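Spelled out, the chains give:
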Amino acid sequence: MTELSDDTAERRTDAPRRNRRPVPALVFLLVLALAAMAVWWNVLGDERAREQAAAAVCSSASNVPTELDPATVSIRVYNATDTPGLAGEVTTTLESRGFVVNETANDPGSAEVTGVGELRFAGPGREAAEFLRLYLPGATDRVDTRSTGVVDLVIGPDFAGLASEEEVAAALVAAASVEADC
């Protein structure tokens with residue numbers, strides 16, 4: 001029997017270990033796979049974000065004002081501030097730039113105007129209002145039910161002046177370049 005036990009002892013030392021545990025290797029492979037998934041998730045997410053940003057730029061490009069002949073834009077200028085004669089000054093400036101001003105007066109509306117002012121218009125005057133916004137940046141919209149294309153430019157308490165011709169030209173060039181990129 002001792003011979004038998006020596007024989008088994010020799011087999012055990014010469015035989016390779018077959019009971020190795022694969023858990024550390026599997027854990028490493030699992031961590032590596034998760035890291036690869038995280039990298040691809042970020043890559044695909046960044047691509048989606050770029051596509052959404054490009055779509056947002058192109059959708060805003062559809063709202064870009066087109067350059068109009070100021071003589072085709074009919075405006076009523078209203079003063080909603082405590083500064084007397086401000087509507088007259090703005091009217092003079094707009095007429096010198098070629099706009100047609102139909103009326104100049106204090107604001108007949110009952111709603112309080114905040115900020116630099118507001119543009120009141122209806123569907124037929126939307127394009128004219130978007131063009132006029134270049135001259136009064138920061139103005140808010142107030143869409144109403146009028147049936148004409150006349151736009152009311154209402155001067156608000158934060159009004160500091162109309163945009164210069166150079167600022168309007170630069171805004172039109174920037175808008176055209178955004179539209180061309182789409």
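Cut-off values and rules
Residues numbered from 1 in each chain as written. Predicted model: local features only at pLDDT ≥ 70, side-chain atom pairs only at ≥ 80, totals over all residues. Heavy atoms only, no water. Helix = DSSP H or I, 4+ residues; strand = E, 2+ residues; numbered from the N terminus. Buried < 20%, exposed > 50% of the residue type's maximum accessible area, 1.4 Å probe, protein only. Contact = heavy atoms within 4.5 Å. Areas by Shrake-Rupley, 256 points an atom, 1.4 Å probe, with all protein chains shown as cover. Core = buried A, V, L, I, M, F, W, Y, C linked by side-chain atoms within 4.5 Å. Salt bridge = Lys/Arg side-chain N within 4 Å of Asp/Glu carboxyl O. Pairing = 2+ DSSP bridges. Axes fitted to C-alpha atoms, helices over the stretch in contact; angles between N-to-C directions. Right-handed = clockwise from strand over helix to strand, strands pointing away. pLDDT = per-residue confidence, 0-100. Arc of directions from axis to C-beta.

How do you make sense of the overall build of the protein when you look at a structure like this?
Scanning the protein for helices and strands turns up five helices and five strands. When the helices and strands of the protein are listed from N to C terminus, the series reads α-α-β-α-β-β-α-β-β-α. Going through the 182 residues of the protein one by one, you find that 28% of them count as buried. Within the protein, counting contacts between residues at least 6 apart in sequence, those at least 24 apart form 71% of the total. As displayed, the protein has an accessible area near 12200 Å², and 57% of this comes from carbon and sulfur atoms.

Honestly, the nonpolar core in this entry has me stumped. Any pointers?
The nonpolar side chains of a soluble globular protein tend to be buried with one another. Counting residues in hydrophobic clusters, the biggest one holds 28 residues, and the most contacted among them are V77, L94 and L153. If near-sequence neighbours (up to four positions away) are discounted, L153 is found in contact with I75, R76, V77, Y78, V90, L94, E118, L119, L132 and L136.

How should the pattern of salt bridges be read in this particular structure?
Tallied over the entire structure, the rule returns nine salt bridges. Its salt-bridge partner being R120, residue E118 comes within 2.6 Å of it at the nearest N-O pair. By relative accessible area, E118 is classed as buried at 3%. In this structure, D152 and R146 form a salt bridge, with 2.9 Å as the shortest nitrogen-oxygen distance. Since its relative accessible area comes to 17%, R146 is described here as buried.

Can you walk me through the sheet that holds strand β2 (residues 100-106) in this structure?
The strands making up a sheet associate through hydrogen bonds between their backbones, and the pairing can be parallel or antiparallel. The strand order across the open sheet built from five strands is β2-β1-β5-β3-β4, with neighbouring strands paired in mixed fashion. In this open sheet, the two edge strands, each paired with only one partner strand, are β2 and β4 (140-143). The sheet shows a mean angle of 20° between the axes of neighbouring strands, taken without regard to direction. Sheet topology places strand β1 (residues 74-79) next to strand β5 (residues 151-155); five bridges connect them, and they run parallel. Bridge pairing links R76 to D152 in β5. The sheet contacts of helix α3 (residues 86-96) involve β1, β2 and β5, and relative to β1 the element is tilted by about 155°. Packing of helix α4 (residues 126-133) onto the sheet brings it into contact with β1, β3 (117-121), β4 and β5, and relative to β3 it is tilted by some 160°.

Help me out: how do you make sense of the pairing of β2 in this one?
By the bridge criterion, six bridges tie β1 to β2 in an arrangement that is parallel. Opposite I75, over in β2, you have V101 as the bridge partner. Taken together, β1, α3 and β2 form a β-α-β motif whose crossover is right-handed.

Would you mind showing me how to read α4 here?
Quick reminder: α-helices carry 3.6 residues per turn. Residues three or four places apart thus point the same way. Counted residue by residue, α4 has six buried out of eight residues, so it is predominantly covered. Listed as buried for α4 are A128, A129, E130, F131, L132 and R133.

For this particular structure, what's the right way to read the pairing of β3?
Side-chain direction in a regular strand flips from residue to residue, so the side chains alternate between the two faces of the sheet. Burial of β3 is extensive: five of the five residues sit out of reach of the surface. Relative to β5, β3 is paired through four bridges, and the arrangement is antiparallel. Paired with L119 across the two strands is L153, which belongs to β5. Where the polypeptide runs from β3 across α4 and back to β4, its parallel neighbour, the crossover connection is right-handed.

What should I look at first to understand the confidence of the model for the protein in this one?
The predicted coordinates of low-pLDDT regions are not to be read in fine detail. Of all residues in the protein, 79% attain a pLDDT of 70 or more, and the chain-wide mean is 83. By mean pLDDT, the top-scoring element of the protein is β5 (96), and the lowest-scoring one is helix α1 (residues 2-14) (54).

Please clarify how α3 should be interpreted in this entry.
For α3, the complete set of buried residues consists of L86, A87, V90, T91 and L94. Projection of α3 onto a plane perpendicular to its axis shows the buried side chains occupying an angular sector of 135°, all on one side. In α3, those exposed residues whose orientation departs by more than 90 degrees from the buried face are E89, T92 and S96. Residues of α3 that are buried in the fold lie against β1, β2 and β5. Positive backbone phi, at 100°, marks G98, one or two positions downstream of α3.

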